[in-house]
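Residues per chain, in single letters:
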Amino acid sequence: MDIVIKLNSQTVGKDKVARLCQYSCRALWASKDGSASIETVQLLKHIESILSSFRKLLRFGKGFEVLYSATAGLKLKELSAQLFITLGKIASGLFLLADHVVWLSRSGINKNINTTKWVDRSNRFWLISILFNLCRDVQELYRLFVYYSRSNIRNLQRTLYAVYRENKPLLVDTIKNVCDVFIPLNGLGILPVSNQTIGLLGAISSLMGLLPLVYPRLKF
């Protein structure tokens, strides 16, 4: 119960829980499509749509906040880390701003917006943001493998276990980004995958995003 209260008290916590439910609904209706009643499938799709709109409203205005926070990455000593974090934040901020425009269109506040075009822009900025985050993860994983390979750990299995045991925040972040990258790739038509797969990947990445909120030691 304490975990539920903790998550509900944070905007980001509500967003992650809603995201988990949203993608779980997609995985469910996609798995039942054709085998369950039309009413059940339509209900799950409707819940998914409501949760998606709720999250867009919940994050409204956050794009400006993320863009402002991009300057924090410039304080890091390592140049590559500065590059990946700063550019990733900028892309994430632009993704959210495009997402705000999509919400304005879908909510009926502004009917003159080309929703398809802005959804495409949103997916492009989201993909760029995830790719920068993945570059940072891969760089850190490479650094760790080099470090462990030069130590007394010569066995690959032991090296992998050492990376898992001592760097769980990095692994949680990597799993989240690997799962997330397929969603905008699918949205842009670059790598089409099934709705059920998107639902499962979205649910897994949502769980990975929830873990650092519940256990702060897992924050990367």
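First, a word on what this report is: a plain description of the structure on this page. Just so you know, these numbers come straight off a predicted model, no measurement behind them. (Residues numbered from 1 in each chain as written. Predicted model: local features only at pLDDT ≥ 70, side-chain atom pairs only at ≥ 80, totals over all residues. Heavy atoms only, no water.)

**Some remarks on a nonpolar patch on the surface**
For step 1, the next point in the chain: A contiguous nonpolar patch, built from Leu 83, Leu 87, Ile 90 and Leu 94 and spanning about 280 Å² of accessible area, is present on the exposed surface.
For step 2, the next point in the chain: Turning to its location among the elements, Leu 94 is positioned in helix 5 (residues 79-106).
For step 3, the next point in the chain: Residue class for Leu 94 comes out partly exposed when judged on its relative accessible area of 30%. (Patch = residues over 30% accessible without salt bridge, like charges linked within 9 Å, V, L, I, M, F, W, Y side chains within 5 Å. Areas by Shrake-Rupley, 256 points an atom, 1.4 Å probe, with all protein chains shown as cover. Salt bridge = Lys/Arg side-chain N within 4 Å of Asp/Glu carboxyl O. Helix = DSSP H or I, 4+ residues; strand = E, 2+ residues; numbered from the N terminus. Buried < 20%, exposed > 50% of the residue type's maximum accessible area, 1.4 Å probe, protein only.)

**Remarks on the pattern of salt bridges**
For step 1, the next point in the chain: With the rule as written, the count across this model stands at eight salt bridges.
For step 2, the next point in the chain: A salt bridge links Asp 99 to Lys 56; the shortest N-O distance between them is 2.6 Å. Of this pair, Asp 99 sits in helix 5 while Lys 56 sits in helix 3 (residues 38-58), and the two are 43 residues apart along the sequence. Of the two residues examined, Asp 99 and Lys 56, each falls in the buried class.
For step 3, the next point in the chain: In this structure, the salt-bridge partner of Glu 140 is Arg 143, at a minimum N-O distance of 2.4 Å.

**Some points on the nonpolar core**
For step 1, the next point in the chain: Formed by 13 residues in total, the largest nonpolar core has its most connected members in Tyr 23, Trp 126, Leu 127, Ile 130, Val 181 and Ile 183.
For step 2, the next point in the chain: At the level of elements, helix 5, helix 6 (115-150) and helix 8 (168-187) are the ones that each hand at least two residues to this core.
For step 3, the next point in the chain: Looking at which element gives the most residues to this core, the answer is helix 6, with four residues.
For step 4, the next point in the chain: Beyond its immediate sequence surroundings of up to four residues, Tyr 23 is in contact with Trp 126, Ile 183, Ile 198, Gly 199, Gly 202, Ala 203 and Ser 206.
For step 5, the next point in the chain: Membership of the second largest hydrophobic core comes to six residues, among which are Leu 144, Tyr 148, Val 163 and Leu 170. (Core = buried A, V, L, I, M, F, W, Y, C linked by side-chain atoms within 4.5 Å. Contact = heavy atoms within 4.5 Å.)

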